[in-house]
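Reading the structure
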Amino acid sequence: MPALTPQQRRDGVRALFNPRNIAIVGASDRPGNWSARVYRSLKRFGFPGAVYPVNPRNETVWDGVTCYASLAALPETPDHVVIIVPGTAAIDTIVEAGAAKARSATVFSGGFGEGGDPAGRALAARLREAIDGSGLAVSGPNCLGNLAARHRLMTIPDDRITELVRGPVAILGQSGGIVMALHRTLLARGVATGYAVTSGNEIGLTIADYIRHVADDADVRVIACFI
């Protein structure tokens, strides 16, 4: 299957920001694991859809939440897939998500050539091939998730964020640390951020895709980019 068409990319960004449900692959009770923090963020801000932990090693996680062995085992078709497993496992999950008819995914894990090493570049090439073959709109890899206040979506594992408000600013950047520092600075000054996107290595979606989306949102007055 070829890479996404421009229209598919636009539809994919909409699906990324407004999914029907979310599956978190790599769900774990390990202290400090991002999967639990993503789950807490979604629940804290009232994401309206179901959130499904996925990990074949666990029957339950996070104080009794049912954990599923695979995307195929979920009680409904996964829509957005949060991927917090490394390397080849992340690539395999993209393939599995495509087969399960998910619409979008976010790959948190790194190691896909950001350091310039040959092994990482080879993994990045394989990930790109998997993304193109899956038909998914994919954020990342090597990112910190995304925030879309309009849709109560918050997959950024940052417990310091206490408000989710439809504000006039969209912050888009490859660096999760910079994006969240800008978010906190604006919030401290009374300026709400309606979108915060950490785009990572941009093997799938790019900053241009996100700009196109937020530019059409009537809430957004300012788009701030760190590229």
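Just so it is clear, the structure is predicted and the values come from calculations on it, not from any experiment.

For the α-helix, the turn length of 3.6 residues means that residues three or four positions removed from each other point alike. Looking at helix α2 (residues 34-44), one finds that the buried residues are S35, A36, V38, Y39, S41 and L42. On its buried side, α2 packs onto β1 (22-25), β2 (51-54), β4 (65-66) and β9 (153-154). Once α2 ends, the next one or two residues include G46, with phi positive near 75 degrees.

Turning next to the packing of aromatic side chains. Centre distance and the angle of the planes are the two values used to describe a pair of aromatic rings. For the structure shown, the criterion picks out five aromatic pairs. Look at W34 and F108: their rings are 5.9 Å apart centre to centre, the planes differ by 70 degrees, and that puts the pair in the edge-to-face class. Residue W34 is found in helix α2, and its partner F108 is found in the loop between β6 (104-107) and α4 (118-134); the two are separated by 74 residues along the sequence. Judged by relative accessible area, W34 falls into the partly exposed class, the value being 30%. Counting every residue linked through ring pairs, the aromatic cluster contains F17, Y195 and Y210.

Another point: the nonpolar core. Counting 31 residues, the largest nonpolar core has F17, I24, L42 and Y210 as its most contacted members. Broken down by secondary-structure element, the contributors of at least two residues to this core are α1 (6-17), β1, α2, β10 (169-173), β11 (193-198) and α6 (207-215). A total of four residues in this core trace back to one element, the largest contributor, which is α2. Setting aside residues up to four positions removed in sequence, Y210 forms contacts with V13, L16, F17, S139, L172, V197, S199 and L205. V25, L71, A105 and I203 belong to the second-largest nonpolar core, a separate cluster that totals 26 residues.

On to unusual backbone geometry. Comment: phi is negative for the bulk of residues other than glycine, and the bulk of peptide bonds are trans. With an omega of 5 degrees, the peptide bond between G140 and P141 qualifies as cis. If you trace the backbone, P141 turns up in the loop between β7 (137-139) and β8 (146-148). Despite not being glycine, D63 has its phi angle at roughly 65 degrees, a positive value. Here D63 lies in the loop between β3 (60-61) and β4. Given a relative accessible area of 85%, D63 falls into the exposed group.

Criteria and thresholds
Note on numbering: residues in each chain are counted from 1, in written sequence order. In keeping with the model being predicted, local features are shown solely for residues with a pLDDT of at least 70 and side-chain atom pairs are shown and tallied solely at 80 or more, while totals for entire chains, interfaces and linings include all residues. Heavy atoms from the whole structure form the basis of all side-chain values; hydrogens and water molecules are not counted. Between buried and exposed lies partly exposed: a residue is buried under 20% and exposed over 50% of the maximum accessible area for its type, with that area taken using a 1.4 Å probe on protein chains only. Numbering goes from the N terminus for both helices and strands, where a helix is a DSSP run of H or I of at least four residues and a strand is a run of E of at least two. Every residue pair with non-hydrogen atoms within 4.5 Å of one another is taken to be in contact. Aromatic rings from Phe, Tyr and Trp, with only the six-membered ring used for Trp, were paired whenever their centres fell within 6.5 Å, and each pair was classed as stacked if the ring planes differed by under 30 degrees, edge-to-face if by over 60, and tilted otherwise. In this description, a nonpolar core means a group of buried Ala, Val, Leu, Ile, Met, Phe, Trp, Tyr and Cys residues linked to one another through side-chain atoms lying within 4.5 Å.

Coordinates in, geometry out; function isn't part of it.
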